[in-house]
Amino acid sequence: MKRIIVKEEYCMGCGLCEVYCTVQHSKSKDIIKAYNRENPRPISRVKLEVHKPVSFAIQCRHCEDAPCVTACLSGAMQKDEETGLVTHDPEKCIGCWTCIMVCPYGAIKMDASGKVVSKCDLCSELEVPACVANCPNGALVYKEVKP
Amino acid sequence: MSKYVIVGASAAGIGAVEAIREVDPIGTITVISEEPCPQYSRPMISDLVSGKANFDKMMCREDQFWEKNGVQALTGRTAVSLNLADKYVALDKGEPVNFEKLLLATGGKPFVPKIEGADKDGVFTFTTLSDAESLAAKIEAAKSAVVIGAGLIGVSVTEALVKRGLKVTMVELKDKILSLILDPTASEMVETVIRKAGVTIATGQTVQRIVGKPEDDDVVGGAVLTSGKQVQCDLVIIAIGVIPRTELVSGTDVKTNRGILVDRFMRTNVSDVYASGDVAEAYDFVFGENRLLPLWPLAQLEGKVAGYNMAGKKADYPGGTAMSALKYFGIPIISIGIANPKDDTAYESIVKHEPERNLYRKIVLKDNAIVGITLVNDIEQAGVLFHLMKNGVNVKKFKQELLSEDFCLATLPRSLRRKVYPGEYK
């Protein structure tokens, strides 16, 4: 299974990961339309964290033993047995914020509506997640990891 | 004969089934549930009343969850007694069920104090789906309600009733609402929004007597508070708290305090008998002792730990603590551990309050380790703080930064991140 590895030492803090994550999760998948016309603009599910001089981008780690799945009140957060991904179903989500409380990475956000959460889905429809594909300095790497 | 028998089909029961099946795909599992339709999320019953969720949305697991996990679900049945010597559970109807391993996940029941008139039509408790359905059926015809108790259940039922257009009076014995989980500042922030929504909050009081309607004394018409004031209402909801349902073990060798006592493996003192969820007194890592913590996420985790151990995979419960994420009336709040430290020099509280932006952050420390977290409105990094808290990290060097809105994983020194975060993801 492939996961995103964070290479802190290569992160320049440019924030392109957030831009492309937003675009990828927009309706139009077009950068101009996503930023100019979509209201509310979809949030980025990857978070660029900056604490100078440190910066890195972080998104859901799809934990093996995911605390958000165990804590979820509604069953919206699930562990996919086949792919090992932590999946989130916004239709089931009730925005209770319990997953936010227990995510050790702070990688779950409220979505633009403020009514449900949103998190990295590893861009399942793409070969390589948008944040990784658009990182100009190799600070995010998509590679095979041991389960 | 069933290899695993689980009494109770809510959070702990569900967690146990999933854990057992991870380890043992074939051992027979029997779940006994009083409710006709389990696998629903109890914290969501207020969403059912408010209209935010329908019955389908409340199902917190896939359809046919029990069948898919090969569970014999005895629903609508009550476990009436235990025979620990011969290892069986007797039911209200049908054959007793023998077990090799037993999990008691019987949960809690609402605490109902003796109040005159509590037998009138229109008085409800609020913990189960059937409570919610009965209440929902009365709402159309009702204009006003009195909610007794302003804890987690009381506030959530209040919000649901307000959304359905009822005029609500919330009555709370303590001086502040949500006083067990919030400090006075955070409590007032919630009070403000609740009042804005048109709710009357009467603190320092309780309901002395429930009175009938002039035309029919058997139907709720009002509530008389301890102050003597009478509040007109069509419904009364009793939401004072829950007490563990330990009745099944009374008279057996299973040791109880207020709840069933369990060790870090969720074992009771009787071999092959486990307990989890609201009925159990499990380990609280903040207090370093076992206590009742009737919370859905902990129940599910405890059930999971019990399930692993029952199936032979050693797993220890890391411990829980009081922890609640709230969304009442649109204000996100997270409260973990100690909100109101005793007036004691051992505790240090660091606070940042910006009333004009409705922001509040409070971290309670003991020996430079986090023992309490309260966040109002800016909550997204709560989990990072909770992780430091669970790991007992000494935060002395970056204490003030814990209060910053910019606080995040990157704030932590790299050496610390390496230490408390596993794998490559640093």
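Predicted model only: the values in this text are computed from it and were never measured.

### Looking at the overall build of chain A
Okay, so step 1: In terms of helices and strands, chain A carries five helices and eight strands.
Okay, so step 2: Dimensions of chain A along its principal axes, counting C-alpha atoms only, are 40 × 40 × 30 Å.
Okay, so step 3: Of all 147 residues assigned to chain A, the portion counted as buried reaches 54%.
Okay, so step 4: Partitioning the intrachain contacts of chain A with sequence separation of at least 6 by distance along the chain shows that 56% fall at a separation of at least 24.
Okay, so step 5: Approximately 7000 Å² of chain A is accessible, and the part contributed by carbon and sulfur atoms is 51%.

### Brief notes about the overall build of chain B
Okay, so step 1: A count of helical and extended segments in chain B gives 10 helices and 25 strands.
Okay, so step 2: Relative to a compact globule of 426 residues, whose C-alpha radius of gyration would be 22 Å, chain B shows 23 Å and is just as compact.
Okay, so step 3: Each principal axis of the C-alpha distribution contributes one length, and for chain B these read about 65 × 55 × 40 Å.
Okay, so step 4: Counting over 426 residues, chain B shows a buried share of 56%.
Okay, so step 5: A separation threshold of at least 6 residues defines the contact pool for chain B, and within that pool the share at least 24 residues apart is 60%.
Okay, so step 6: Of the roughly 17900 Å² of accessible surface on chain B, 48% is carried by carbon and sulfur atoms.

### Quick word on the sheet that holds strand S21 (residues 323-326) of chain B
Hydrogen bonds between backbone groups are what pair the strands of a sheet, and the pairing can be parallel or antiparallel.
Residues and elements named next belong to chain B.
Okay, so step 1: Strand order across the open sheet formed by five strands is S21-S22-S25-S24-S23, with antiparallel pairing between neighbours. A strand with exactly one partner marks an edge of an open sheet, and here the two such strands are S21 and strand S23 (347-354). The sheet shows a mean angle of 10° between the axes of neighbouring strands, taken without regard to direction.
Okay, so step 2: Relative to strand S25 (residues 369-376), strand S24 (residues 359-366) runs antiparallel, the two sharing seven bridges. Among the inter-strand pairings, Leu365 is bridged to a residue of S25, identified as Ile370.
Okay, so step 3: Set on the sheet, helix H7 (residues 184-196) makes contact with strand S22 (333-337), S23, S24 and S25; between it and S24 the angle comes to about 155°.

### Side note on the state of the cysteines
Okay, so step 1: For the coordinates displayed, the defined rule picks out zero disulfides over all chains.
Okay, so step 2: Between A:Cys123, a free cysteine, and A:Cys21, which holds the nearest cysteine sulfur, the sulfur-to-sulfur gap is 6.2 Å.

### Quick look at the interface of chain B and chain A
Okay, so step 1: At the junction of the two partners, chain B supplies 43 residues and chain A supplies 42 residues.
Okay, so step 2: Buried area between chain B and chain A, both sides added, is near 3400 Å², and the carbon and sulfur share of it is 57%.
Okay, so step 3: The tally of links from chain B across to chain A stands at three salt bridges.
Okay, so step 4: Counting across the chain B and chain A interface gives 18 residue pairs in polar contact (both at pLDDT 80 or more).
Okay, so step 5: Residue classes in the side of chain B that touches chain A are distributed as 23 nonpolar, seven polar and 13 charged.

### Examining the confidence of the model for chain B
For residues with low pLDDT, the predicted coordinates do not support detailed interpretation.
Okay, so step 1: Chain-level pLDDT for chain B is 95 on average; 99% of the residues reach the 70-or-more range.
Okay, so step 2: As scored by the predictor, the complex reaches a pTM of 0.95 and an ipTM of 0.97.

### What to know about the side chain of B:Lys120
Okay, so step 1: Tracing the chain through its elements places B:Lys120 in the loop between strand S7 (108-110) and strand S8 (123-125).
Okay, so step 2: Residue classification places B:Lys120 among the buried residues on the basis of a relative accessible area of 14%.

### Describing a nonpolar patch on the surface
Residues and elements named next belong to chain B.
Okay, so step 1: Taken together, Phe111, Ile240 and Ile243 make up a surface patch of nonpolar side chains, about 230 Å² in accessible area.
Okay, so step 2: Within the element layout of this structure, Ile240 appears in the loop between strand S15 (235-238) and strand S16 (242-244).
Okay, so step 3: On the accessibility criterion, Ile240 (39% relative accessible area) is partly exposed.

### Some remarks on helix H1 (residues 11-23) of chain B
All names here are of chain B.
Okay, so step 1: The end-to-end C-alpha distance of H1, which contains 13 residues, comes to 19 Å, matching closely the 18 Å that a straight helix rising 1.5 Å per residue would cover.
Okay, so step 2: With 10 of 13 residues buried, H1 is to be regarded as a mostly interior element.
Okay, so step 3: Along H1, the residues classified as buried are Ala11, Ala12, Gly13, Ile14, Gly15, Ala16, Val17, Ala19, Ile20 and Arg21.
Okay, so step 4: The inward-facing, buried residues of H1 abut strand S1 (2-7), strand S2 (29-33), helix H4 (65-68), strand S3 (71-75), strand S6 (97-104) and helix H8 (296-310).

Analysis parameters
- Residues numbered from 1 in each chain as written.
- Chains lettered and ligands numbered in written order.
- Predicted model: local features only at pLDDT ≥ 70, side-chain atom pairs only at ≥ 80, totals over all residues.
- Heavy atoms only, no water.
- Helix = DSSP H or I, 4+ residues; strand = E, 2+ residues; numbered from the N terminus.
- Buried < 20%, exposed > 50% of the residue type's maximum accessible area, 1.4 Å probe, protein only.
- Contact = heavy atoms within 4.5 Å.
- Areas by Shrake-Rupley, 256 points an atom, 1.4 Å probe, with all protein chains shown as cover.
- Rg over C-alpha atoms; globule rule 2.2 N^0.38 Å.
- Pairing = 2+ DSSP bridges.
- Axes fitted to C-alpha atoms, helices over the stretch in contact; angles between N-to-C directions.
- Disulfide = S-S within 2.5 Å.
- Buried area = accessible area lost by both parts, 1.4 Å probe.
- Salt bridge = Lys/Arg side-chain N within 4 Å of Asp/Glu carboxyl O.
- Polar contact = N/O pair within 3.5 Å; in protein donor to acceptor, adjacent residues only side chain to side chain.
- Nonpolar A, V, L, I, M, F, W, Y, C, P; charged D, E, K, R; others polar.
- pLDDT = per-residue confidence, 0-100.
- Patch = residues over 30% accessible without salt bridge, like charges linked within 9 Å, V, L, I, M, F, W, Y side chains within 5 Å.
- Expected span 1.5 Å × (residues − 1).

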